[in-house]
Amino acid sequence: MPTAPAVEPFDAVEVIAAKRDRQRLTDAQIDWVVGAYTRGVVAEEQMSALAMAIYLNGMDPRETARWTDAMIRTGGRMDFSGIGRPTADKHSTGGVGDKTTLPLAPLVAVFGVSVPQLSGRGLGHTGGTLDKMESIPGWRAALSNEEVLDMLGPSGPGAVICAAGSGLAPADRKLYALRDTTATVSCVPLIASSIMSKKIAEGTGALVLDVKVGSGAFMRDMDTARELAGTMVCLGTQAGVTTRALLTDMSTPLGLTAGNALEVRESLEVLAGGGPADVVGLTLALATEMLDAAGRPTGEDELRAALADGRAMDVWRQMVRRQGGDPSAPLPVAPETEVLTAGEDGVLTGLDALKVGLAAWRLGAGRARKEDPVQAVAGVELHAKPGDAVRRGQCLLTLHTATPERFARAVEALEGGVTISPAGSPAAAEAVARREAGVVLGRLA
Ligand code: URA
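Residues numbered from 1 in each chain as written. Predicted model: local features only at pLDDT ≥ 70, side-chain atom pairs only at ≥ 80, totals over all residues. Heavy atoms only, no water.

Peer 1: Please explain the overall build of the protein as it appears in this structure.
Peer 2: The helix and strand tally for the protein stands at 17 helices and 13 strands. By the compact-globule yardstick of 22 Å for 445 residues, the protein fits well, its C-alpha radius of gyration being 22 Å. Projecting the C-alpha coordinates of the protein onto the three principal axes gives extents of approximately 80 × 50 × 40 Å. By the burial criterion, 54% of the 445 residues in the protein qualify as buried. Summarising the internal contacts of the protein: among those between residues at least 6 apart in sequence, 78% fall at separations of at least 24. (Helix = DSSP H or I, 4+ residues; strand = E, 2+ residues; numbered from the N terminus. Rg over C-alpha atoms; globule rule 2.2 N^0.38 Å. Buried < 20%, exposed > 50% of the residue type's maximum accessible area, 1.4 Å probe, protein only. Contact = heavy atoms within 4.5 Å.)

Here it is, written out as structure tokens:
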């Protein structure tokens, strides 16, 4: 006998109408709509309408927590309880030149805390960790759950950077793609639930969020960044994950490179005890938070020593080797470069993160659609940072690509992105002060 179609407890139209009319959704409505959307019972156009209603009318903390939980329950959860070590992960809301995951994961692992860094690919002007790692010859991003556990346990390096499996919060995968095409991404409850559903499902014991603020970030102003950070810290804490957040500057790129192989090269400098001060500073700040949140407080001097004496580099080499990569192989280098120079003497007071990110993207470092390929070699190298004195004619940026026809559009993207002010001017003094203050602007626990 044919089975009767399941009777659904709600109708999508009534849930959409409730949020459109500024009502709070009940737990049962949220559980149903998230689950039914994932099963294909709620149509894409209905979920778009609901996402827009949420975008316009918001969700309160109870609704956001329930929405997060409902997204987690659409998939499986990882369980690291068997590995015999505490776990800590870091999530960045995305920025230009942000390669900190690469030195951070092995550095934290040196101190006995395992780091399950389940990562994604880049979309738009911000780079993705997996795209960077894939510029290492032979390295593979996809691992089974058993391989992940093996990497994190006592017989592995204690850290893993790999692709997040499709079984974690599948509702988010579907919903994020929909939000991306319906102008509903930049909404605090939706961003917070999207990020935290994946991180909670991943099973980490401690989580440190790096919430970027500035032109190159999702959050352009401090107030919204603080609201997002606070919402995510609450969601993590309620779910039993020790969660902290740092608010960090993304008005200018982090470090001196933006682009996949270029960023791996700079990460290797940090792992060898060198590297730009802002990348090292942020790596140490995040490692300090992760180790503290995981119950292994560690001083900055000890962290610096593990970079200087090669212990973090040893873990890195093991991590890369275990995923098929050759840590000694030369990184690919762009066959074509173009140099941009300073137009006047003075102090570099602005180097806009968004414009540098767009230039790197147009050179081939990023993708416009999920399925697009990326160039390992493409990107932008910076030869000066805000606060540095510069001379007319001095090399400021080198553009790298395998396809030189991309140079013109990249140069266009950079228009207005470089500001030079007279030495001794208030703008010059402010740029120097900002550089000296470092990239960490605030902290939430
Ligand atoms: N990153 C995510 O994973 N989700 C969002 O909604 C925004 C950024």
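Peer 1: What's the story with the pattern of salt bridges in this structure? I'm lost.
Peer 2: Pairs can form between side chains of opposite charge once their charged atoms are near each other. On inspection of all chains with the given rule, the structure shows 31 salt bridges. Put simply, Asp-150 and Arg-322 hold a salt bridge, and the shortest N to O gap is 3.3 Å. Here Asp-150, found in helix H7 (residues 145–152), pairs with Arg-322, found in helix H14 (residues 311–322); they are 172 residues apart in sequence, far enough to count as distant. A relative accessible area of 34% means that Arg-322 is categorised as partly exposed. (Salt bridge = Lys/Arg side-chain N within 4 Å of Asp/Glu carboxyl O.)

Peer 1: I would appreciate a short explanation of the domain arrangement of the protein in the present structure.
Peer 2: Many structure descriptions define interface size as the accessible area lost when the parts assemble. Domain annotation for the protein reports domain 1 (12–58), domain 2 (81–329) and domain 3 (336–439). Placing a centre on the C-alpha atoms of domain 1 and another on those of domain 2 gives a separation of 31 Å. In this assembly, 11 residues from domain 1 lie in contact with 11 residues from domain 2. Buried area between domain 1 and domain 2, summed over both chains or domains, comes out near 1,000 Å², and the portion from carbon and sulfur atoms is 74%. Broken down residue by residue, the surface that domain 1 buries against domain 2 is led by Tyr-37, Thr-38 and Tyr-55, which jointly contribute 45%. (Domains from an automatic or database assignment. Buried area = accessible area lost by both parts, 1.4 Å probe.)

Peer 1: Help me out: how do you make sense of the sheet that holds strand E10 (residues 389–390) in this one?
Peer 2: The three strands are arranged E10-E8-E12 in an open sheet whose pairing can be described as antiparallel. Strands at the two margins of the open sheet, each flanked by one partner only, are E10 and strand E12 (418–421). Pairing geometry for strand E8 (residues 346–351) and E12, over four bridges, is antiparallel. In the sheet register, Leu-348 faces E12, and the bridge partner there is Ile-420. Contacts between helix H17 (residues 426–437) and the sheet are confined to E8 and E12, with E8 contributing the most and set at about 65 degrees to the helix. (Pairing = 2+ DSSP bridges. Axes fitted to C-alpha atoms, helices over the stretch in contact; angles between N-to-C directions.)

Peer 1: How should the sheet that holds strand E6 (residues 257–258) be read in this particular structure?
Peer 2: Where strands meet in a sheet, backbone hydrogen bonds hold them as pairs that are either parallel or antiparallel. One open sheet accounts for four strands, arranged E6-E9-E11-E7; its pairing is antiparallel. Where the open sheet ends on each side, the last strands, each with one partner, are E6 and strand E7 (336–341).

Peer 1: In this structure, what is going on with the packing of helix H12 (residues 277–293) against helix H13 (residues 300–308)? I would like to understand it.
Peer 2: Between two packed helices, both the angle of their axes relative to each other and the distance between the axes serve to describe the pair. Packing of H12 against H13 leaves a shortest axis separation of 10 Å and a crossing angle of 120 degrees. Viewed along their axes, H12 and H13 adopt a mutual orientation that is oblique. Between H12 and H13 lies a crossing of right-handed hand. For the pair H12 and H13, the contacting residues are Val-280, Leu-284, Ala-287, Thr-288 and Leu-291 in the first and Glu-300, Leu-303, Arg-304 and Leu-307 in the second. (Parallel < 35°, antiparallel > 145°, perpendicular 65-115°, else oblique. Left-handed = near helix turned anticlockwise from the far one by under 90°.)

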